[in-house]
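Take a look at the letters that make up each chain.
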Amino acid sequence: MRPADSLRLSNAPEAQVIALAAAGSDEAFAELVRRRQGSLRALMRRLCGDAALADDLAQQAFLQAWRTLRQLRSPGAFGGWLRQVAVHVWLRHARLVRPPLDPIEDLDAEPAAESPDPAARLDLSAALAQLKPTQRLCIILNYVEGLSHAEVAASTGWPLGAVKSHIARGTARLRRLLSVEVLS
Amino acid sequence: MTEERDPHLARLFAEAPEPQADEAFVDAVRMGMARGRRMDLAGALAMSAAVGLTCVALAGPVAQAVGQVAGQVAPVMAELFDVPGGEILAVAFAGLMAVSAMVLSRVRV
């Protein structure tokens, strides 16, 4: 691709870039990766707590999106669709490393109470890492991605009641972990 | 249960930095795409080769079946041409035999 074409692509509206990518242009898809990598890598980093693994999973998500881009019905839905692909990639990974990942079973099994020592205050990413994977995913989709509970349920394929419980319990636990001083 | 978000947590999340745009990451995805295309191509070649080998393997029995049927049909067709209007019957008979040959070859394979 000539530099002039590349420049045109970088200035093109996203819907046009998506249409070109869906038609088979690798350069157009690379432009989409360039535009969306920040948010997708950030999402994966919050989910994993490990930058290298997060980038690896983000790459997998982009490659899966590249393979299935023709299934996207509307270019306007690209952001949500890409996030859903990423969530599925992460869930697959989480099931491999920590089977089973059960959104209902996880509701019953609360982790042991965290240390009451105020000196053991944690930063946000460390606190997130202490949540159950199901809680972490629901909290991140709700707080960071701005999804409603129903949208989180749709993205994950989990029951709405389970999602609401994960968000409530995860929020309470994060508040405890981060301590009142940090939050107020 | 309401959908209200804890404002303090929301603020903490909003302040968390995003990774910087990284051309090396884009290049890594590009390499993955190229690898994917190579694997697709290899898969298509393997599929074509498998189809070709299957055709070669089937060609022998099919030709043999057609030869056998033709050997039986030829004398009948020759006699049909000797009667008035027999050409039409001969063509219809030949068509019928061709279909039979195809069915027979599938059964034998």
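Before reading further, recall that the structure is shown in the block above.
What you see is a predicted model, and the numbers here were worked out from it, not measured in a lab.

Draft legend 1. Structural detail: the side chain of His93(A). Residue and element names in this part refer to chain A. When you line up the elements, His93 lands in helix H5 (residues 78-97). The class of His93 is buried, set by a relative accessible area of 19%. Those residues in contact with His93 that lie beyond four places of it in its chain are Leu53 and Leu57.

Draft legend 2. Inspection of the nonpolar core at higher detail. All names here are of chain A. Phe29, Met44 and Leu174 are the most contacted members of the largest nonpolar core, which totals 60 residues. Examining the composition of this core, we find that 10 residues originate from one element, H5, more than from any other. A domain split of this core shows at least three residues from each of domain 1 (1-99) and domain 2 (102-184).

Draft legend 3. Representation of the packing of helix H3 (residues 26-48) of chain A against H5(A). Residue and element names in this part refer to chain A. For the pair H3 and H5, the least separation of the axes is 11 Å and the interaxial angle reads 40 degrees. Considering their axes alone, H3 and H5 lie oblique with respect to each other. Judged by the twist between their axes, the crossing of H3 over H5 is right-handed. Along the contact surface, H3 presents Leu32, Arg36, Leu40, Leu43, Met44, Leu47 and Cys48, while H5 presents Phe78, Gly79, Leu82, Arg83, Ala86, Val89 and Trp90. Its residues placed into classes, the contact of H3 with H5 shows 11 nonpolar, 1 polar and 2 charged.

Draft legend 4. Region of the structure containing the packing of aromatic side chains. Applying the stated rule across the entire model yields 3 aromatic pairs over all chains. Considering the side-chain rings of Phe78(A) and Trp81(A), the 6.0 Å spacing of their centres and the 40 degrees angle between planes classify their relative orientation as tilted. Remark: Trp81(A) and Phe78(A) occur in helix H5; sequence separation between them is 3 residues, near one turn of the helix. The ring of Phe25(B) is capped by Arg41(A), whose NZ or CZ atom sits 4.8 Å from the centre of that ring.

Draft legend 5. Focus on helix H8 (residues 133-144) of chain A. All names here are of chain A. Taking 1.5 Å as the rise per residue, H8 with 12 residues should run 16 Å; its terminal C-alpha atoms sit 15 Å apart, in good agreement. When you tally the buried positions in H8, you get 11 out of 12 residues, the bulk of the element. Among the residues of H8, those classed as buried are Pro133, Thr134, Gln135, Arg136, Leu137, Cys138, Ile139, Ile140, Leu141, Asn142 and Tyr143. Of the residues trailing H8, Gly146 is marked for its positive phi of about 75 degrees.

Draft legend 6. Spotlight on the side chain of Arg83(A). Residue and element names in this part refer to chain A. Within the secondary structure, Arg83 sits in helix H5. Relative accessible area serves as the criterion here: at 17%, Arg83 is assigned to the buried category. Filtering out sequence-adjacent residues up to four positions away, Arg83 remains in contact with Leu43, Leu141, Glu145 and Leu147.

Parameters and conventions
- Residues numbered from 1 in each chain as written.
- Chains lettered and ligands numbered in written order.
- Predicted model: local features only at pLDDT ≥ 70, side-chain atom pairs only at ≥ 80, totals over all residues.
- Heavy atoms only, no water.
- Helix = DSSP H or I, 4+ residues; strand = E, 2+ residues; numbered from the N terminus.
- Buried < 20%, exposed > 50% of the residue type's maximum accessible area, 1.4 Å probe, protein only.
- Contact = heavy atoms within 4.5 Å.
- Core = buried A, V, L, I, M, F, W, Y, C linked by side-chain atoms within 4.5 Å.
- Domains from an automatic or database assignment.
- Axes fitted to C-alpha atoms, helices over the stretch in contact; angles between N-to-C directions.
- Parallel < 35°, antiparallel > 145°, perpendicular 65-115°, else oblique.
- Left-handed = near helix turned anticlockwise from the far one by under 90°.
- Nonpolar A, V, L, I, M, F, W, Y, C, P; charged D, E, K, R; others polar.
- Phe/Tyr/Trp six-rings, centres within 6.5 Å; stacked < 30°, edge-to-face > 60°.
- Lys NZ or Arg CZ within 6 Å of the ring centre and 35° of its normal.
- Expected span 1.5 Å × (residues − 1).

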